Structure formats: structure tokens, C-alpha cells
Amino acid sequence: MHSYIVKENTKLNENTLLLTLKRENSERPLSFQPGQYAAISFYNGKKHSPTRCFSIVSSPTDQDSLQFSTRINGRYTKALSRLQTDDLVNVYGPFGGFVFDLTQDKKTVFIAGGIGITPFISMMRYANTLKGDNSVNLFYSVATDQGIPFKDELIDIGKEHPNLKTLFVVSHGEISDQSLNGRSTTGFIDYDLISKNVEGNLSDYKFYICGPPPFMAIIKNNLKKAGILDNQILTEAFTQATTKQSGILRSWPANVYALGAIGVILGSLIVTASDLLRALPPTSSTLPTKNNPYLITNARQEQLTQLINTISPSPGVITLPSTTATQTYSTAPSTSTAPSSSSPSTPPTFAPIYLAPTATTSPSKIP
Amino acid sequence: MVYSDTKVALGSNCVITVSTIETDVKFINKLFQQLWLKIFQFEQNFSRFLPDSQLTKFNAMAGIKQPISPEFRELLLACRKYAVMTRGIFNPFILPVLENVGYDHSFLPGFEKDRYEKHSRAQLIDLKSLEIFDHEAFIPKNSAIDLGGLGKGFLADKLANFLLGYKDKIMGFWISLGGDIHTYGLEESYKPWKIYIEKDLNDNLAYIESIKDQSLSIATSGVNYRRGIKENKNWHHIIDPRTGLSAKTDLLSATVVGHSTIYCDVLASCLIIEVNKKNFKRKCQEYKITDALIQGHFNNTIQEEYYFKTIGRRIKINKND
């Protein structure tokens, strides 16, 4: 489990939420791959909420914050939209094999239906940050041209890196938004539309599809009829109603993939058990004590941070700490520098010790 | 004037000693501060026992091409260089094996229970899988690297280069980073520094004298440190990547002397893995080692073997002063 706090809670349009979380200083970052999702729960002031899964929209390269986006259409997401800055959110995971691999997937077609855009945002941000030479073609199906989540960001990415293209496909009504000129069309996504807008042979491409189940089924059937092989298509079941996921799962044997659903169920049980445990008062054996303060955090990391801050109060500028202004004179090297668990916060000193000419200057080897 | 300071860093005691004609206390303090800052920052960035180090984050994201710092890139390039030179006997991908044999916690007193990301489920793989780009690097999913002694050697050389920038004020120095020593020049009274090679806790095997206006690196690897018992099996921290276990060896320690600490450190560990009494000199020639000594169980007794081509009279065998 990773603890985060709410940094910002905004709406991308009237029913789409963008939740930005900030890592607590002592917490290690969540390691995930672009396209994966995580389970979150939060504290609403009275009790801990149940846990729900959401796609991560931030890039894995952003180690300090985590973003989720979802459509607000139920009690849980409404409660989520009411979270305030600095509220605590617990994050579990990451989960899922709907993963974009920059080193392997050189030619890709991403097909998003509505809020199914979220895993692709993480992938596009990741590809944009690492400036890979991959050819990425995102087909983003939206109902109308109004209030499209992440529209401006995708257009900006396309301008910055012409190999990361987005085509907005508006299924209902005309396109009046001028910013979509040259980047949009009306109708539905199918093989013909993709082949007209993608360079080269489509048999060289890998297809990622995410959206409502009927949307994915129609597009997958259409692609297969046009000759795209099953192992070129990766789909993400983007609903709480089904856990079915199809296609290849990178780096894993196929039979392991089949066990993924069991893993998710077990994961949920673990999360539930962890929720229960958290509701109980902590026992003395899990709390840091005066005698053993290192049970919870990494003490050496904290000590190093303290040492470095003491030497260099402002980054890049080395100044003398007041404790070192006086030279220490001694006839033997200091030997009492081993850390003591009972006094880890003793202020360090940095004055070297002057060795009188009679003192030994012979170091012995410490293998 | 000779100034010395000892602090705990990189998992052991580190010592910096400088002989200088400079009498300005502020200058000396500032010099030592900068050296310690470099050491602590290096540990903060490249220790596998710290959850926020660059190395830990890099391992956690295995399977993804990741941005790396220029210093990390230099270290990875050094890993590749020495893996090629030693034909895979040096392999940074041994981290999962290290944790599985028992080296799964810091040995620093007071910090043994520190929590950090473990990789015991990852695989020991060949270094060919490490891809290094201009600003990024890639290791396969289910793999993890540890810089080990190579990192200390790298840092010792960097610190020495930093001090050599003050040649006009410094007559000599020695930097000891837990087993890796880089020495330069002479002490205050124009006598050479004496670097002792430890035989056991109470005795020294030999000492080596430093040279005026020249650098000398000495690194010792041994099986008597960083060791333990796990599931009734003895383990030590020098892993043979060919077997995926602690190296099976007659040697207790191997010391290599040269002009680069990183080179000495890597090859001292390789000697532990590959060498016995018979092939010691041949292996030294193969690796182009000019000066080395080993100590081990030979013919049912603890004996030493020496191979000195260049340092000659500057080494004193079995003498304590």
C-alpha cells in the first residue's frame, strides 16, 4: 500500500474527474507501467471508503505525483469528486497487463472509446517524455466535439512530436471546434478509417483497444475480419461489470495470463483484509518505539538526508555550519562515528581532525 | 599538516586523510565538507538499501526504458566494460542471488532492520541485456542490478580526481571507502603513507608504501566480511554468476594494486571467484594485473601467494611497520 494525499481535484468537463495525488515525503513511489491501473480508497472523515480500481493517467516517469481520471456516474465517484486538498488516499497495486512497451512496440494504434482514453493518456505522456521514435496513432472516439477530456494536451503532444498523432472521431453531430481542424473526422472507428490515417502496412502494427465492452467487441471483430491477427490486438475491459481482458500479455506465458483474474480476486481480498486491519487500533509491536525507531521507515535514508542538509543548507552552495567553525585537535583519528540506534538525531560535525606529527598515519585495510 | 576524518558511509567506515601545506582552517573544513557531501550523495543515489535511491527506482521500473543521470550512466558503462573484460565473472545482475543467499539487509550497525525494495524473485541474467542510451537505460523485467564494490571504486577515483585539482596545496592523501583505498603522494614529513593489508584482526600481511606525486589504488575482497548462515548454509557476499551461489573458493582474501580503484576492486572480487594457488599467476597475466596478493587455505594451512611486477620494494611483507 502507498499513501498519497490529494494535491488537486478538478473536473475536465461536467462529468469527468481528474484526481491528482501527491506522494507523502516518507513514502516510496508507486512503480507502474504505462496503461496499468491501481485500486484506491480514501478516508471521508468518518470511515474508510471501499476500494475501487481506476486507470492511472500520469506517466511512470513522474515519481512524485499520481493522477487518476474517471467519469462521475455513481455514489463512489461522486464521493471521490468531493475529496479536498490534503485528504489521505491509499493506493494499492499496480495491476493489469494492458501495458505499452516503448522498446518493443515500435508501431502502434491506440483505439479509445470515451473515458477509455485514460490508460492511453499515461502511454502518450510516457512516450512524449522519453521521446522515443515509436509511431503512435491514437484514434479517440467521442460523442460530440464539446468537452473532450485531455483534448488540448493530446493536440500539444502531437504538435511537439509528430510521431505521436491523435485523430478525434466524433460520432454524433458536426465538428465546430476550430482547434480540431485537421485532427478530426466524423463517424466511427473501423479498419478503413485506420488504414487511411496510418502509414505503412497495418499488419506491422499492434492494436490497443480500450472502451466500453460493445465498442471493443465491434472494433476487434472488424479488425479481425480485415486480416489483423489475434495476437496483434490487446484489449482492456474498461468497466467494473466485467473483468475479461483479451489479447497478448507481455512477457508472461499465456497460461499465467489466464490466472490473472484469480490474482485480481486475491488482490481484492488482501485489500479488504488490509482495510479491516487498518480499522483496528495499532498494536505496540507495529509502532516505532524509543528503543527501535526504525520499524516503520528507512532510518539510514533519513540520516543521510539530515547529513546532506547539514553540509549544504541550500542546494549547490557549500557553507560552513556553525558547529564546524572551531578546529578540533587530537592526537588520534576519530573512531566513534558508528551510528547509534538510541541517538540517531545527534547533530553531525564535519571538522577534520588534525593529526600531530607523532600520530600514526597508517591506514589499515577494511575489506 | 595532516588532517583526517572518519565517518560511516557506504555501509562501512570511510576515512579521508590529507597532508597539506595549507594552514587556512576554513579551506580544510570546506574541502572535507565537499568530500563528505559527495560520499553521502553517492550513497543516497546508489545504495540498494535505500527505498528512494536512483538505483532502487531503476530496479523497481525494470522492463521500462528509464531516464538516468549522467553519473548513473557512467556507472552502467563501467559495469559493461568490466563485464566484458572479465567475460561475465563481474555481473551487476547478481542482486537477486545476493538477497537469496542471505545478503538481504544492511550490515550497518543500527540499520539492519531498515526496509527497502527486495528483488529476490528476479532472475540472474547476462549483462548483454543491459541497454544504455544517451540519457536512458533499460534492464529487462524481473531483473535487478547492484553496483557493489564497483560503486566504491568508482567513487574513490572520483574523490581522488577532485583532490588532485588542489595539487598546489596538497602533498598527499589517502581515501579509504571500506576495502577500497586510493592514495596519492606523501605525508607531511615526506615519508610515504603505509597501507596495511590485513591478515586477521590482530596481524597484518604486508604494507604498501605510497609514491611521491603518484596515485596508487589498493582494493581487497574477502570472504570473512559480509557473511552469514541461512537455512544451515554458510554464505558470503562474493557471488559466482556461473553458479548463482556464493563463490566456492580456497581464498580468504585477494588484494589487487593498480592505478585505478574501480579496476582493483572488480578484479579483486574476480580473483576470489576464479583463482586457486595453481592458476593465480596465470590469471593475473590474463587480466593484466601487475601486482596482487592472495591469502587462502592451501595445503591445509593458511598461506599467502604474491605476484608483484611493478611495486617491487615498496611492498613490505609480514612487517608491521
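About the thresholds
- Numbering of residues starts from 1 in every chain and runs along the sequence as written.
- Here every chain gets a letter starting at A, and every ligand a number starting at 1, in the order they are written.
- Given that the model is predicted, a residue must reach a pLDDT of at least 70 before its local features are reported, and side-chain atom pairs must reach 80 or more before they are shown or counted; all residues, however, enter totals for whole chains, interfaces and linings.
- Numbering of helices and strands runs from the N terminus; a helix is a DSSP stretch of H or I covering at least four residues, while a strand is a stretch of E covering at least two.
- Three classes are used. A residue is buried when 20 or more other C-beta atoms lie within 10 Å of its own, exposed when 12 or fewer do, and partly exposed in between, with C-beta atoms placed from the backbone.
- Contact definition: two residues whose C-beta atoms, as placed from backbone geometry, lie within 7 Å.
- At least two DSSP bridges between two strands are required for those strands to pair.
- Here an axis means a line fitted to C-alpha atoms, over the contact stretch when the element is a helix, while the angle between two N-to-C directions is reported on a 0 to 180 degree scale.
- Taken from the helix axis, the directions to the C-beta atoms give the arc we talk about.
- Roughly parallel covers angles under 35 degrees, roughly antiparallel covers those over 145, roughly perpendicular covers 65 to 115, and oblique covers all other angles.
- Left-handed describes a crossing whose near helix is turned anticlockwise from the far helix through less than a right angle; right-handed describes the clockwise counterpart.
- Residue type decides the class: Asp, Glu, Lys and Arg count as charged, Ala, Val, Leu, Ile, Met, Phe, Trp, Tyr, Cys and Pro as nonpolar, and the leftover types, Gly among them, as polar.
- Buried Ala, Val, Leu, Ile, Met, Phe, Trp, Tyr and Cys residues form a nonpolar core when they are connected through C-beta atoms within 7 Å.
- Along the chain, pLDDT gives the predictor's confidence residue by residue, from 0 to 100.
- Helix span, expected: 1.5 Å multiplied by one less than the number of residues in the helix.

Side note on the overall build of chain B
Looking only at helices and strands, chain B has seven helices and 18 strands in total. Counting across all 321 residues of chain B, residues that qualify as buried make up 53%. Restricting to contacts in chain B with at least 6 residues of sequence separation, those with at least 24 account for 63%.

Considering the overall build of chain A
Each helix and strand in chain A was counted, giving eight helices and 14 strands. The 367 residues of chain A split such that 36% are buried. Long-range contacts, defined here as pairs at least 24 residues apart, represent 69% of the contacts in chain A between residues at least 6 apart.

Here's the deal with the sheet that holds strand 2 (residues 16–23) of chain A
The strands that make up a sheet are held in pairs by hydrogen bonds between backbone atoms, and each pair lies either parallel or antiparallel. Residue and element names in this part refer to chain A. Sheet architecture is open: six strands sit in the order 4-3-6-1-2-5, paired in antiparallel fashion. Where the open sheet ends on each side, the last strands, each with one partner, are strand 4 (52–55) and strand 5 (65–71). Strand-to-strand twist in this sheet, taken as the mean axis angle between neighbours without regard to direction, amounts to 40°. When strand 3 (residues 37–42) meets strand 6 (residues 88–95), the two strands line up antiparallel, connected through five bridges.

A closer look at the pairing of strand 7 (residues 180–185) of chain B
All names here are of chain B. Judged by how many residues are buried, strand 7 sits mostly within the fold: six of six residues are covered. The pairing of strand 6 (residues 170–177) with strand 7 spans six bridges and is classified as antiparallel. Across the sheet, the residue bridging to Ser176 is Ile181, located in strand 7. Between strand 6 and strand 7, which follow one another and run antiparallel, lie two residues, and Gly178 among them has a positive phi close to 45°.

As for helix 3 (residues 151–160) of chain A
Residue and element names in this part refer to chain A. Taken residue by residue, helix 3 has Lys151, Leu154, Ile157 and Gly158 as its buried positions. The buried side chains of helix 3 occupy one side of the element, clustering within an arc of 130° when seen end-on. The exposed set on the far side of helix 3, more than 90 degrees from its buried face, consists of Asp152, Asp156, Lys159 and Glu160. Summarising the contacts, the buried residues of helix 3 are in contact with helix 2 (118–130), strand 8 (135–142) and strand 9 (164–170).

Brief notes about the packing of helix 5 (residues 148–164) of chain B against helix 6 (residues 261–274) of chain B
All names here are of chain B. For the pair helix 5 and helix 6, interaxial distance at closest approach is 7 Å and the crossing angle is 160°. As the angle between them shows, helix 5 and helix 6 are arranged roughly antiparallel. Along this stretch, helix 5 crosses helix 6, giving a crossing that reads as right-handed. Two secondary-structure elements touch here, helix 5 through Gly149, Leu150, Lys152, Gly153, Phe154, Ala156 and Asp157 and helix 6 through Thr261, Ile262, Cys264, Asp265, Val266 and Ser269. Split by residue class, the contact of helix 5 with helix 6 holds six nonpolar, four polar and three charged.

Describing unusual backbone geometry
Cis geometry is adopted by the peptide bond preceding Pro94 of chain A, which originates at Gly93 of chain A and carries an omega value of 5°. Take Pro94 of chain A: it is sitting in strand 6. Phi at Asp86 of chain A is positive, roughly 80°, even though this residue is not glycine. The topology assignment puts Asp86 of chain A in the loop between helix 1 (75–81) and strand 6. Residue classification places Asp86 of chain A among the exposed positions, given that 9 C-beta atoms sit within 10 Å. Phi is positive for Asn142 of chain B, which is not a glycine, with a value near 65°. Residue placement: Asn142 of chain B occurs in the loop between strand 5 (136–138) and helix 5.

Comments concerning the environment of Lys152 of chain B
All names here are of chain B. For Lys152, the location among the structural elements is in helix 5. Since 28 C-beta atoms lie within 10 Å of it, Lys152 is described here as buried. Once the C-alpha coordinates of Lys152 and Gly179 are considered, the two residues, 27 residues apart in sequence, prove to be 8.6 Å apart.

Some details on the packing of helix 8 (residues 299–311) of chain A against helix 1 (residues 25–46) of chain B
As a packed pair, helix 8 of chain A and helix 1 of chain B sit with axes 10 Å apart at the nearest point and diverge in direction by 150°. As the angle between them shows, helix 8 of chain A and helix 1 of chain B are arranged roughly antiparallel. The hand of the helix 8 of chain A/helix 1 of chain B crossing is left-handed. Facing Leu304, Leu307, Ile308 and Ile311 of chain A of helix 8 of chain A, the residues of helix 1 of chain B in contact are Gln33, Trp36, Leu37, Phe40, Gln41, Glu43 and Gln44 of chain B.

Details of the sheet that holds strand 5 of chain B
Residues and elements named next belong to chain B. Reading across from one edge, 3-5-4 is the order of the three strands in this open sheet, with antiparallel pairing throughout. Each end of this open sheet is capped by a strand with a single partner; those strands are strand 3 (66–67) and strand 4 (131–132). One ladder, built from two bridges, connects strand 4 with strand 5; its direction is antiparallel. From the neighbouring strand, Ile132 faces strand 5, where its bridge partner is Ala137.

Structural notes on the environment of Gly178 of chain B
Residue and element names in this part refer to chain B. Mapping Gly178 onto the fold places it in the loop between strand 6 and strand 7. For Gly178, a count of 21 C-beta atoms within 10 Å puts it in the buried group. Here the alpha-carbon distance between Gly178 and Lys152, two residues 26 residues apart in the chain, equals 8.0 Å.

Structural notes on the nonpolar core
Ranked by size, the top nonpolar core spans 102 residues in total, and within it Ile39, Ala254, Val256, Leu267, Leu271 and Ala292 of chain B carry the most contacts. No other element matches the ten residues that helix 6 of chain B contributes to this core. The contacts of Ala254 of chain B, once residues within four sequence positions are left out, are Ser221, Ala268, Leu271, Ile272, Val275, Ala292 and Ile294 of chain B. Judged by nonpolar contacts, the second largest core, of 68 residues, contains Leu66, Phe100, Met123 and Phe139 of chain A.

Notes on the confidence of the model for chain A
Residues and elements named next belong to chain A. Per-residue pLDDT for chain A averages 75, and the proportion of residues at 70 or more is 73%. Between residues 292–296, whose pLDDT stays under 50, and residues either more than four places distant or in other chains, the model counts ten contacts. This stretch, residues 356–367, has a pLDDT under 50; its non-local contacts, to residues over four places away or in other chains, come to 40 contacts.

A look at the environment of Pro34 of chain A
Residue and element names in this part refer to chain A. Among the secondary structure elements, Pro34 is positioned in the loop between strand 2 and strand 3. In this structure Pro34 comes out as buried when scored by C-beta crowding, with 27 C-beta atoms within 10 Å. Not counting chain neighbours up to four residues away, the residues in contact with Pro34 comprise Ser59, Pro60, Val99, Phe100, Ser122, Met123 and Tyr126.

Describing the pairing of strand 16 (residues 291–298) of chain B
Residue and element names in this part refer to chain B. Among the eight residues that make up strand 16, six are buried, leaving the element largely enclosed by the rest of the structure. Where strand 16 and strand 17 (residues 301–308) come together, eight bridges link them in antiparallel fashion. Looking across to strand 17, one finds that Phe298 is bridged to Thr301. Linking strand 16 back to strand 17 in an antiparallel pair, the connection comprises two residues, with Asn299 at a positive phi of about 50°.

A look at the confidence of the model for chain B
Mean pLDDT over chain B: 87, with 97% of residues reaching 70 or higher. Across the interfaces of the predicted complex, the ipTM metric reaches 0.81, alongside a pTM of 0.55.

Some remarks on helix 5 (residues 213–225) of chain A
All names here are of chain A. Here helix 5 contains 13 residues, and its C-alpha end-to-end distance of 18 Å stays within 8% of the 18 Å for a straight helix at 1.5 Å per residue. Listed as buried for helix 5 are Phe215, Met216, Ile219 and Leu223. Axial view of helix 5: buried residues confined to an arc of 90°, hence all on one face. Of the exposed residues in helix 5, the ones pointing more than 90 degrees away from its buried face are Pro214, Asn221 and Lys225. Backbone geometry just after helix 5 places Gly227 at a positive phi near 105°.

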